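For reference, the chains in residue letters:
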Amino acid sequence: MDVRELLEAPLEELCAEARRLRRGPLVTYSPKVFVPVTKLCRDVCGYCTFARPPRRGERAYMILDEVIDVARAAAAAGCHEALFTLGDKPELRYRAAREELRTLGCETTLEYLASAARAVLDETGLLPHLNPGLMTRADLDELRRVSASMGVMLETIAERLGARGAPHWASPDKLPARRLETIAAAGEARVPFTTGILIGIGETRAERLDALLAIRDLGEQHGHVQEVIVQNFRAKRGTRMAAHPEPQLDEHLWTIASARIVLGPDWHVQAPPNLAYDDFPRLLDAGIDDWGGVSPVTIDHVNPEAPWPEVERLEEATRSRGLELAPRLALYPEYVENLERWCDPKVARHVRGRADALRLAREDAWTPGEPSPIPRRYLARRGVERLDLGTELDEDAIVRLFHARGRERDAVRAAADELRREVNGDVVTYVVNRNINYTNICYFRCGFCAFSKGKLAANLRGPAYLVPLEEIVRRCREAWERGATEVCLQGGIHPAFTGAFYLDVVHAIKEALPEIHVHAFSPLEVWQGAATLGLELDDYLKRLRGAGLGTLPGTAAEILDDEVRRIICPDKVTTAQWLEVMQTAHAVGLRSTTTMMFGHVDGPRAWARHLIALRELQRETGGFTEFVPLPFVPMEAPIALKGLARRGPTFGETLLVHAVARLALHPWITNVQASWVKAGPDGVRALLKAGVNDLGGTLMNESISRAAGAAHGQELPPERMEELIRSAGRVPRQRTTLYGEVPEERRRASFGAPPLAEPLNPNASEAGLKAPRRLVRPGLAAAGR
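Residues numbered from 1 in each chain as written. Predicted model: local features only at pLDDT ≥ 70, side-chain atom pairs only at ≥ 80, totals over all residues. Heavy atoms only, no water.

Undergrad: Mind laying out the sheet that holds strand β14 (residues 549-552), listing which residues take part and the relevant values?
TA: If you trace the six strands from one edge of the open sheet to the other, you get β11-β12-β13-β14-β15-β16, paired in parallel fashion. Each edge of the open sheet is held by one strand with a lone partner, namely β11 (433-437) and β16 (624-631). Looking at each pair of strands side by side, their axes are set apart by 25 degrees on average, direction ignored. The sheet contact formed by strand β12 (residues 486-490) and strand β13 (residues 517-520) spans four bridges and is parallel. Bridge pairing in β13 links C488 to H519. Against the sheet, helix α20 (residues 575-587) makes contact with β14, β15 (591-598) and β16, and its axis sits at roughly 160 degrees relative to β15, the strand it touches most. (Pairing = 2+ DSSP bridges. Helix = DSSP H or I, 4+ residues; strand = E, 2+ residues; numbered from the N terminus. Axes fitted to C-alpha atoms, helices over the stretch in contact; angles between N-to-C directions. Contact = heavy atoms within 4.5 Å.)

Undergrad: Explain the sheet that holds strand β10 (residues 427-431) to me, using residue names and the numbers behind them.
TA: Taken in spatial order, the three strands of this open sheet run β17-β10-β18, and their pairing is parallel. Strands with a single pairing partner mark the edges of an open sheet, and in this sheet they are β17 (694-697) and β18 (731-734). Pairs of neighbouring strands in the sheet enclose a mean axial angle of 20 degrees, with direction left out of account. Pairing between β10 and β17: two bridges, direction parallel.

Undergrad: Explain the packing of helix α18 (residues 537-547) against α20 to me, using residue names and the numbers behind them.
TA: Contact pair α18 / α20: the axes reach a minimum separation of 9 Å and the direction vectors enclose 55 degrees. By the angle between their directions, the pair α18 and α20 is classed as oblique. Every pair of crossing elements has a handedness; the one defined by α18 and α20 is right-handed. Each of L537, D538 and L541 in α18 lies in contact with α20, whose residues at this interface are E580, V581, T584 and A585. Here the contact of α18 with α20 is composed, by residue class, of four nonpolar, one polar and two charged. (Parallel < 35°, antiparallel > 145°, perpendicular 65-115°, else oblique. Left-handed = near helix turned anticlockwise from the far one by under 90°. Nonpolar A, V, L, I, M, F, W, Y, C, P; charged D, E, K, R; others polar.)

Undergrad: Go over the state of the cysteines with me, naming the residues and quoting the values.
TA: Applying the stated criterion to the full structure yields zero disulfides. With no disulfide of its own, C106 lies 18 Å from the sulfur of C41, the closest cysteine sulfur. There is no disulfide at C488, and the cysteine sulfur nearest it, in C476, is 11 Å away. (Disulfide = S-S within 2.5 Å.)

Undergrad: Account for the packing of aromatic side chains, with residues named and values stated.
TA: Between two aromatic rings, the relevant description is the distance of the centres plus the angle of the planes. Applying the stated criterion to the full structure yields 14 aromatic pairs. Between the aromatic rings of Y438 and F497, the centroid separation amounts to 6.2 Å while the plane-to-plane angle is 50 degrees, which identifies the pairing as tilted. One end of the pair, Y438, is in the loop between β11 and α15 (469-481); the other, F497, is in the loop between β12 and α16 (499-512), and 59 residues separate them in sequence. Taken together, Y438, F497, F501, Y502 and F521 form an aromatic cluster joined through their ring pairs. (Phe/Tyr/Trp six-rings, centres within 6.5 Å; stacked < 30°, edge-to-face > 60°.)

Undergrad: Which residues make up α16, and what are the values?
TA: Between its first and last C-alpha atoms α16 spans 21 Å; for 14 residues at 1.5 Å apiece the expected length is 20 Å, and the two agree. All of the buried residues in α16 are G499, F501, Y502, L503, V505, V506, A508 and I509. (Expected span 1.5 Å × (residues − 1). Buried < 20%, exposed > 50% of the residue type's maximum accessible area, 1.4 Å probe, protein only.)

Undergrad: How would you sum up the environment of A211? Please name residues and give values.
TA: Along the chain, A211 falls in helix α7 (residues 205-222). In the structure, A211 is positioned 31 residues away from L180 in sequence and 9.8 Å away in space, judged by C-alpha atoms. The contacts of A211, once residues within four sequence positions are left out, are L154, I157 and I197.

Undergrad: Any chance you could break down helix α17 (residues 523-533) for me, citing the residues and the numbers?
TA: The buried count for α17 comes to eight of eleven residues, which makes it a mostly enclosed element. Of the positions making up α17, those classed as buried are P523, L524, E525, V526, W527, Q528, G529 and A530. On the buried face of α17, the contacting elements are β12, α16, α18, β14 and α20. Just beyond α17, the residue with positive phi is G534, at close to 70 degrees.

Undergrad: Pulling in residues and values, what's your account of unusual backbone geometry?
TA: The omega torsion across H666 and P667 is 0 degrees, close enough to zero to call that bond cis. Relative to the elements of secondary structure, P667 occurs in the loop between α23 (651-665) and α24 (676-687). The phi angle at A170 is positive, at roughly 60 degrees, despite the residue not being glycine. The class for A170 is partly exposed, based on a relative accessible area of 40%. Positive phi, normally seen in glycine, also occurs at Y277, with a value near 55 degrees. By secondary structure assignment, the location of Y277 is in the loop between β7 (269-270) and β8 (290-294).

Without other data, these values stay purely geometric and don't point to any function.
And the structure:
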């Protein structure tokens, strides 16, 4: 349509069209802190109370200690963004500014701003968003190194508003052409940028539309304008415009709706809720999808007379329109998705650390493996609407469920819990087992693994070790005496291992303990073992089964999406190879578990593909016994230490993965397990209300999660396991690996065992272990993909 048609269009029709164009159910806001580095400014806008001249006895600039103190308070309060607001180049007008900058070791305000932003980033990890006024390309390039995003309001395209007596009189930095130059330069510098218009200062509706079109043209040219603010003028005492009439709410709504229509559905349109006072919920009716920054720590220094509404009021208002509120970062998700283009690498690592799987801000402080509290909203039951899922979920439907927030997430959780009750009842199962990780030496380069050791991993936790065969058998015997029915064996891919090693391990265990169930060897170990012996997979798996192997663990799956595997485990088995091992194992009579490690560089689309791959194979073979989601433990993981991954999933995401898995895998995989090592006791209780019916093994020794930094212990004895299950209102039942009944004498033997001392992992002589001629690297990197 011709945008001029908007000038006379009825407000109700415009708002309806704007709401239609608004994408998705989420309305975002940025938890931020205001950092007014200086209130000096060389401009004298007729409506501004932020800028003021130097005052005797007062500093012109916040010192770095003050800046950092404010930022630390904000970080403790859950903020993600540090909004640096300041006047435009005050040193060009005031000698006091020049002199104070020299005492701070800087020549310009922008130079000092860079120092302050760098300090906040380094000391607190808050993401700086900079609003310093006009900037050259060189300024933008320099500030980009220490900030996540920047902005400058275009305000208006009407040059006449700079005439004598007009709002922008004697304000050289408010010339529209110069501000458009800064916006264009930001695009050339690849800076995620905020701009917008200020309405009610004397411009016409047509001039507002011209300003929006100018912004749209620059945004389409460079792709860098991440949000457009439609801000309404508020008259302030002590300014030249104190008596100027403020725009009516309907005029504000007309402009917001027009902005949405002019810009289209792919743009983010924001309006400040505090400037609409009690009418702020109506801004949603005009098509905004963002509330802007809201601070729990500082006032709005630009509009100090207008306090921000509490987040709870924002959430209530947002839900009143059938939408959900979600926190975001200083960068919008589209820019977080492509950090290599839009962020300096040193800033990008901080962005990843604060992002969730939707590339929004992490909504809780929970980290897998750490004893951090579970947000109370996940522990309580709330009344929810019934979720109508219809037929079997396809990829898009699963992705949609993974995007659920607020009430919709509650509905997903409730649906999963109801389905679990129908399929499994209130029984929660577990197995008494022992983990034995026989070596942490590995020649693969998995970026998430803090367990493996090798030439490239010597700096990671703990020394390299190889457990001798007789020690493996001793530990199995000790486990049997403590009532275990299963031993679970996995390890790194030692360069000296061939498939004979895995056969020898199974032979030795079963010869000593014929009744114990051997649950061992990931698909990667199986693939490597077959390749080193020159055997076909089915032949090798038959030999393992003949030696006494009972089942396979479904590890090494990580994420069954090769786009993700190229990043986290490029030389490991591919998705197709992992599935081939499992398909073959099931065909020769070996059942297996299956896992998914999530919360690193992945997201809902990859999770959905993983679940569908498992479901389709299970439909064919029926060989999977359970699905085990494994939240990524980041504390010591190389990819996280390098800042190349998120810091694990949020608890909300962890809850959703378990719940959606229950719904998406039904009726093919009917057991969903929670990892107590990664979730902790409170997390387990919450997950038991989200579709989970199994807690896995008591473990006795757990090495892999602990190497990554998990702190929930290495053993959960049957007494404590059953106490935990009962505390969630459920019924505990000990099971075998294949979900059978445990003989009573075995069950009795598992109770009352004394605490198990952590075994030593002695370095062993490797005599007789000769490296094969060729190290087997079956994955994507080896295939040259």
